[in-house]
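Architecture at a glance
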Amino acid sequence: MKRSTFLKLKLREANFISRGLVSSNHPVLAHIIPMRRCNLACSYCNEYDKTSDPVPLEEMIRRLDKLADLDTSVITISGGEPLMHPRLDDIIRHIRRRRMIAGLISNGYYMTPQRIKRLNDAGLEYLQISIDNIEPDEVSQKSLKMLDKKLGFLAEHADFHVNINSVIGGGIKNPEDALVIGRRAIELGFSTTVGVMHDGEGLLKPLAERERRVFYELKGLGKSEYARLDWFQNNLADGKPNEWRCRAGARYLYICEDGLVHYCSQQRGNPGIPLADYTMEDFRREYDTEKWCAPLCTVACVHKVSILDNWRDPQKPLNAPVSDKTGKPDAVGDMLRAE
Ligand code: SF4
Ligand code: SF4
């Protein structure tokens, strides 16, 4: 990444973080799905299919315009595999045209020097690739062996920030692979994060002792983002719940290929309202609603976004009775919830 691009990106980051701290009235991050189809078939994944068509560019532009009108700061394009969308570059260009930060999550298989240069030209600012193991197996083909050459292309040509995420838990056979992947990422000049594998609702699958050891060793690697996530990931690694306020449906939005707003990739169907009809009333309701799945949630991006508001605006459970006088949930509501 060129130094000038890096400095511009840091300035834009500082701007969206300070805006997010000053006002809680806009989405900070939206994940948007331009295509559900994927070229791979990881056995733990519930976010892909093999048949769906790309969402037409005109429709994607309508959705991006709505997100820009809601004053969204960052858009991350996800999938399936977004690089299979024939108009991905135009989608990225439109995000930048509307002055939002443009990110992409990809499995990296389609990265070639030419494709990376096209992403540079379109104005991509962030890329994340998750790598699950060293050798491909029946669980995952997102392997260092298959992707190392692609990482080399990225190190040489990308004019955007690259983060490599390694995963621990679930069906991943050798937790020690995550250490090799993290070290390789750092060697190539990328940042690294670790993901703790979740179940089908985004919740923690307890880590075995060996996995916990690797997790803590990964945290010791330099140039990583682990420190910023300590407060929730340490608890999860130890199998403990977290106390936090999930602002999904408000500060974080997940927009599926059908254009519906969901809490996150693992809690689809809630609230399930078309983005085109999403109002600030929906935003405020979800901002104020406590999520049942929060204590054992492993969805890192929502944790990160919610940090901005963790110190303010306590939440109430869905449909909690509200006191007429105070506008806050009353004691009866608390008691019913305890039941
Ligand atoms: S590459 Fe990503 S989207 Fe595709 S199957 Fe694997 S985890 Fe799912
Ligand atoms: S707590 Fe929030 S981010 Fe986590 S699974 Fe529930 S709705 Fe999704």
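Report follows, based on the coordinates. Computed from a predicted structure; not experimentally measured.

Thresholds applied
- Residues numbered from 1 in each chain as written.
- Chains lettered and ligands numbered in written order.
- Predicted model: local features only at pLDDT ≥ 70, side-chain atom pairs only at ≥ 80, totals over all residues.
- Helix = DSSP H or I, 4+ residues; strand = E, 2+ residues; numbered from the N terminus.
- Contact = placed C-beta atoms within 7 Å.
- Near = placed C-beta within 6 Å.
- Nonpolar A, V, L, I, M, F, W, Y, C, P; charged D, E, K, R; others polar.
- Axes fitted to C-alpha atoms, helices over the stretch in contact; angles between N-to-C directions.
- Parallel < 35°, antiparallel > 145°, perpendicular 65-115°, else oblique.
- Left-handed = near helix turned anticlockwise from the far one by under 90°.
- Buried ≥ 20, exposed ≤ 12 C-beta atoms within 10 Å, placed from the backbone.
- Pairing = 2+ DSSP bridges.
- Expected span 1.5 Å × (residues − 1).
- Right-handed = clockwise from strand over helix to strand, strands pointing away.

Turning our eyes to something else, we now look at the overall build of the protein. Each helix and strand in the protein was counted, giving 11 helices and 11 strands. The long-range fraction of contacts in the protein, counting pairs at least 24 apart against all pairs at least 6 apart in sequence, stands at 72%.

In the vicinity of ligand 1, the residues found are Cys38, Leu40, Ala41, Cys42, Cys45, Glu47, Tyr48, Gly79, Gly80, Glu81, Asn107 and Lys142. Classifying every residue of the shell around ligand 1 gives 6 nonpolar, 3 polar and 3 charged.

Here we take up the packing of helix α2 (residues 57-69) against helix α3 (residues 88-97). For any two helices packed against each other, the geometry comes down to the angle between their axes and how far apart the axes lie. At a minimum axis distance of 10 Å, the contact between α2 and α3 shows a crossing angle of 25°. What the angle tells us is that α2 and α3 run roughly parallel. You can see that α2 and α3 cross each other, and the crossing is right-handed. For the pair α2 and α3, contact is made by Leu57, Met60, Ile61 and Leu64 and by Asp90, Ile91, His94 and Ile95, respectively. Looking at the contact of α2 with α3, its residues break down into 6 nonpolar, 1 polar and 1 charged.

The next subject is the pairing of strand β5 (residues 161-168). Each regular strand displays side chains that alternate between the two surfaces of the sheet. Within β5, 6 of the 8 residues are buried, which leaves the element mostly enclosed by the surrounding structure. One ladder, built from 6 bridges, connects strand β4 (residues 126-131) with β5; its direction is parallel. Within the sheet, the bridge partner assigned to Ser130 lies in β5 and is Asn165. Sheet topology places β5 next to strand β6 (residues 191-196); 6 bridges connect them, and they run parallel. For Val167, the partnering residue across the bridge sits in β6 and is Gly195.

Now for unusual backbone geometry. What you tend to see is this: most non-glycine residues have negative phi, and most peptide bonds are trans. Residue Gly80 is reached from Gly79 by a cis peptide bond, and omega for that bond is 10°. The residue after Asn270, namely Pro271, is reached through a cis peptide bond having omega -10°. Examined against the element boundaries, Pro271 turns out to sit in strand β9 (residues 271-274). Despite not being glycine, Asp313 has its phi angle at roughly 55°, a positive value. Looking at where Asp313 falls in the secondary structure, it is placed in the loop between α10 (300-306) and β11 (316-317).

Turning next to helix α5 (residues 144-157). Helix length check: α5, at 14 residues, gives a terminal C-alpha distance of 19 Å against a target of 20 Å (1.5 Å per residue), a fit within 8%. Inspection of α5 places Leu144, Leu147, Leu151 and Leu154 among the buried residues, and these make up the whole buried set. Those residues of α5 hidden inside the fold are in contact with α4 (113-122), β4, β5 and α6 (177-187).

With that settled, consider the sheet that holds β9. Ordered by their spatial adjacency, 9 strands build an open sheet running β6-β5-β4-β3-β2-β1-β7-β8-β9, and the pairing between neighbours is mixed. Since the sheet does not close on itself, it has two edges, and those belong to β6 and β9, each with one partner. Neighbour-to-neighbour, the strand axes of the sheet open up by a mean angle of 25°, direction not taken into account.

On to the pairing of strand β3 (residues 101-106), then. Among the 6 residues of β3, 6 are classified as buried, and the element is accordingly described as predominantly covered. Along β3, one buried face is formed by Ile101, Gly103 and Ile105 and the opposite face, lined by Ala102, Leu104 and Ser106, is buried too. Two strands pair when backbone bridges link them, and strand β2 (residues 74-77) and β3 are joined in this way by 4 bridges, in the parallel orientation. Note on β3: the bridge partner recorded for Val74 is Ile101. Assessed by its sense of winding, the connection that carries the chain from β2 through α3 to β3 is right-handed. Summarising the sheet, β3 and β4 pair through 4 bridges and their orientation is parallel.

Spatial relationships are all this shows, so hold off on functional conclusions.
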